[in-house]
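Structural description and commentary
Chain by chain, the residues run as shown.
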Amino acid sequence: MKKINIGIDISNLSSNFYGGIDTYCRGILTGFSNQFKNCNFQIYINKDYLNKKIKNLIKKKNFK
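Below or above, wherever it landed, is the structure these notes cover. In this text the structure is predicted, and so the values were computed from the model without any measurement. (Residues numbered from 1 in each chain as written. Predicted model: local features only at pLDDT ≥ 70, side-chain atom pairs only at ≥ 80, totals over all residues. Heavy atoms only, no water.)

Quick notes on the packing of aromatic side chains
Note the threshold: Only Phe, Tyr and Trp rings take part, Trp by its six-membered ring, and two of them pair if their centres are within 6.5 Å. Stacked means planes under 30 degrees apart, edge-to-face means over 60, and tilted covers everything else. Burial status follows relative accessibility: with a 1.4 Å probe on protein chains alone, a residue under 20% of its type maximum counts as buried, one over 50% as exposed, and anything between as partly exposed.
For the structure shown, the criterion picks out two aromatic pairs. When the ring of Phe32 is compared with that of Phe36, the centres are 5.7 Å apart and the planes differ by 65°; the resulting orientation is edge-to-face. Judged by relative accessible area, which is 28%, Phe32 ranks as partly exposed. Summarising the aromatic geometry, the rings of Phe32 and Phe41 are spaced 5.7 Å apart at their centres and angled 5° between planes, so their arrangement reads as stacked. We classify Phe41 as buried; its relative accessible area is 3%. Three or more aromatic residues joined by ring pairs make a cluster, and in this case those are Phe32, Phe36 and Phe41.

Take a look at the structure:
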């Protein structure tokens, strides 16, 4: 089966906000990573979010 490529843009998500939409987005991404093994995900985030939340990001080979 061919892998499907999916891009998700959460670049407007603020790194200073904890809870609410931040938790919701990370929960959805975790669910995607657990359920859709035949997909490659490319997540778009801003540099500030990457620097502050690097430890909480999904580290799987089908996520970039």
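Next comes the rest of the write-up.
Some thoughts on the pairing of strand 1 (residues 4–9)
Every other side chain in a regular strand lies on the same face of the sheet, so the side chains alternate between the two faces. To be explicit about the condition: A pair of strands is considered paired only if DSSP assigns at least 2 bridges between the two. A run of H or I in DSSP becomes a helix once it reaches four residues, and a run of E becomes a strand once it reaches two; helices and strands are each numbered from the N terminus. Orient the strands so they point away from the viewer, and a crossover whose first-strand-to-second-strand path over the helix runs clockwise is right-handed.
Strand direction decides the pairing type here: strand 1 and strand 2 (residues 39–44), joined by six bridges, are parallel. The partner of Gly7 across the bridge, within strand 2, is Gln42. After leaving strand 1, the chain enters helix 1 (residues 21–35) and then returns to the sheet as strand 2, a path that is right-handed.

Any functional reading would require information beyond the geometric quantities listed.
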